[in-house]
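Overview (structure and organization)
Below, each chain spelled out in residue letters.
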Amino acid sequence: MGRQRRIRTLAVVLSAVLLPTMATQANATIAPPPSVRLISGSDTAVVHLYRNGRYEMHFSLYVAATGGSFELWRQRASYDDPVTLSQVVRDSGGNITNTLPLPGLPESDASGRLPAFLTSEFTKRNGTPIKDASRAFCPNDWQGQRVDDSGPTTPTFPFFCWTSPFSRGMVLGIDQGWSTQVRPALGQHLRVDPGTYQLTVSIAEPYRTAFGVAPDDAAVTVPVSVVKGSAGPVTVRKANDATMKSGSPTERASAPIGTPPDSALPDIEALPAWGIRVENRPKSGRAYLDFGATAWNAGPGPLVVEGFRDPASPTMDAFQYFYENGEPVNKLPAGTLAYDSRNGHQHWHFKDFAAYSLLDSSMVKVVDSGKEAFCLAPTDAIDLTVTGAEWRPWFTDLSSACGDEGALWIREVLATGWGDTYAQYRPGQSFEITDLPNGTYYIRVLANPDNVLLEGSSTNNEALRMVKIHGKPGQRWVEVPPYGLVDTEGGNCGPFC
């Protein structure tokens, strides 16, 4: 299928420009915004030393929300604008009451986490330094645990941090009554003798000041017993995480044929190509331009396509379903779905989601990609701040099921705020450029190319990415200029690489 499925740490984003704001009243009785605190799950730590300085540390440590749900947004207004970070404050009903800009914090690393958030100091008992290090922090880590029953029974913030070079709006947070497990940062090796030491883990500046972390909440110090391990590190089997709980089933699964309200429509938008390279094949003498392509759903409604098959038919009749408040309100025919038996595919494909072409400098098409069928699913968080965005799309009832050859039904879903990325690297999917002259070209990503799907707007269905092809036969290479401030191929992607 050539898809690029990447579950990576979610790049989470904020911009006071795009958020509704309320002026902060000069009132001393207004409560401070939510913050975070460090909680130690044990009063000692144990380190098992192995060969070559490898080690395992057994120590439970958590970052918990305090004063309410702790919520951060990262956003960029456009690809020509820098990423900004803000803290979002909500009332008891979940409505945004304030947006607090957070200038001066370190720029996110490639994963979108908060860089150098935690500092760890490993010392002798008398305080003599031995080793120190810092670690980035993702509040959305999957190892969440409740600290009391003041918050929701399951987390609401996104699962992991997510990355895409063209992400626009991401959310980081810890629910009230919840915490995120963290590990001290001391690197891969620790070269000390068995004995008793001391470990101090702290929330670093400038985060303490920016988030108003109370001094007593900002650091944890525990004694450490270092012992020799009898074997190598052991992988411990853990129970399924309690946060991975599905939503409740809807009471009604059918919907009448008809045009839905605008509030139920998805909006499929094409993003510029990325992950671009030339693949020279010496044996065949052929050259291929490989790339990644993403189309995403800007909402407000989810994109839901279901197929139903008569057992005697080799294809499925496809329908697009439209949802409001978790219930299907209408459906429309959306072509067909076909089973792809080729190696690497072997599931049911929807054919009308996107198309890819290579255009010359005069915008004339010179090559098509053979990629024409898709199994939709959320792979990249693009903007989780848009209306209707689903922060945890895998833990709801609407999820993709691409099916085996004998399936009678499949469902393909692209939740609001999410994109679906496919890599183009197989011959027939990528562009063959063996006989193309050197020069300037454009990779065109076209979403909903035949208008089979009903969506809110079609003005954003095309994206172009300039590429410059160089070299000679057998040694072709490509130059990819930045797209606004996003330099995907030069390594300067900012917090959304």
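Presented here is an overview of the structure given in this document. These figures come from a predicted structure and were not determined experimentally.

**Concerning the state of the cysteines**
Applying the stated criterion to the full structure yields one disulfide. For Cys138, the disulfide goes to Cys161, at an S-S distance of 2.2 Å. Residues Cys138 and Cys161 are joined by a disulfide whose S-S torsion is about 110 degrees; by sign, that bridge is right-handed. Of this pair, Cys138 sits in the loop between β9 (129-137) and β10 (144-146) while Cys161 sits in the loop between β10 and β11 (169-174), placing them 23 residues apart in sequence.

**Points about the sheet that holds strand β8 (residues 114-124)**
With mixed pairing, the six strands of this open sheet are ordered in space as β3-β2-β14-β13-β8-β9. Unpaired on one side and paired on the other, β3 (55-58) and β9 mark the two borders of the sheet. Recorded for the sheet is a direction-independent mean angle of 25 degrees between the axes of neighbouring strands. Pairing geometry for strand β13 (residues 195-203) and strand β14 (residues 219-228), over eight bridges, is antiparallel. Across the sheet, the residue bridging to Gln198 is Pro223, located in β14.

**Some details on the nonpolar core**
Judged by nonpolar contacts, the single largest core of 52 residues is most densely connected at Leu289 and Leu358. Ranked by residues supplied to this core, first place goes to strand β17 (residues 286-297) with five residues. Apart from residues lying up to four places away in sequence, Leu289 is in contact with Ile276, Arg277, Val278, Leu358, Gln424, Ser430, Phe431, Ile433, Ile443, Val467 and Val478. By size, the runner-up hydrophobic cluster in this structure holds 41 residues, among which are Phe70, Leu190, Tyr207 and Val226.

**Quick word on a nonpolar patch on the surface**
Residues Phe308, Leu408 and Trp409 make up a contiguous nonpolar surface patch of about 280 Å² in total accessible area. The residue Trp409 is located in strand β25 (residues 409-414) in this model.

Rules of the game
Residues numbered from 1 in each chain as written. Predicted model: local features only at pLDDT ≥ 70, side-chain atom pairs only at ≥ 80, totals over all residues. Heavy atoms only, no water. Disulfide = S-S within 2.5 Å. Helix = DSSP H or I, 4+ residues; strand = E, 2+ residues; numbered from the N terminus. Pairing = 2+ DSSP bridges. Axes fitted to C-alpha atoms, helices over the stretch in contact; angles between N-to-C directions. Core = buried A, V, L, I, M, F, W, Y, C linked by side-chain atoms within 4.5 Å. Buried < 20%, exposed > 50% of the residue type's maximum accessible area, 1.4 Å probe, protein only. Contact = heavy atoms within 4.5 Å. Patch = residues over 30% accessible without salt bridge, like charges linked within 9 Å, V, L, I, M, F, W, Y side chains within 5 Å. Areas by Shrake-Rupley, 256 points an atom, 1.4 Å probe, with all protein chains shown as cover. Salt bridge = Lys/Arg side-chain N within 4 Å of Asp/Glu carboxyl O.

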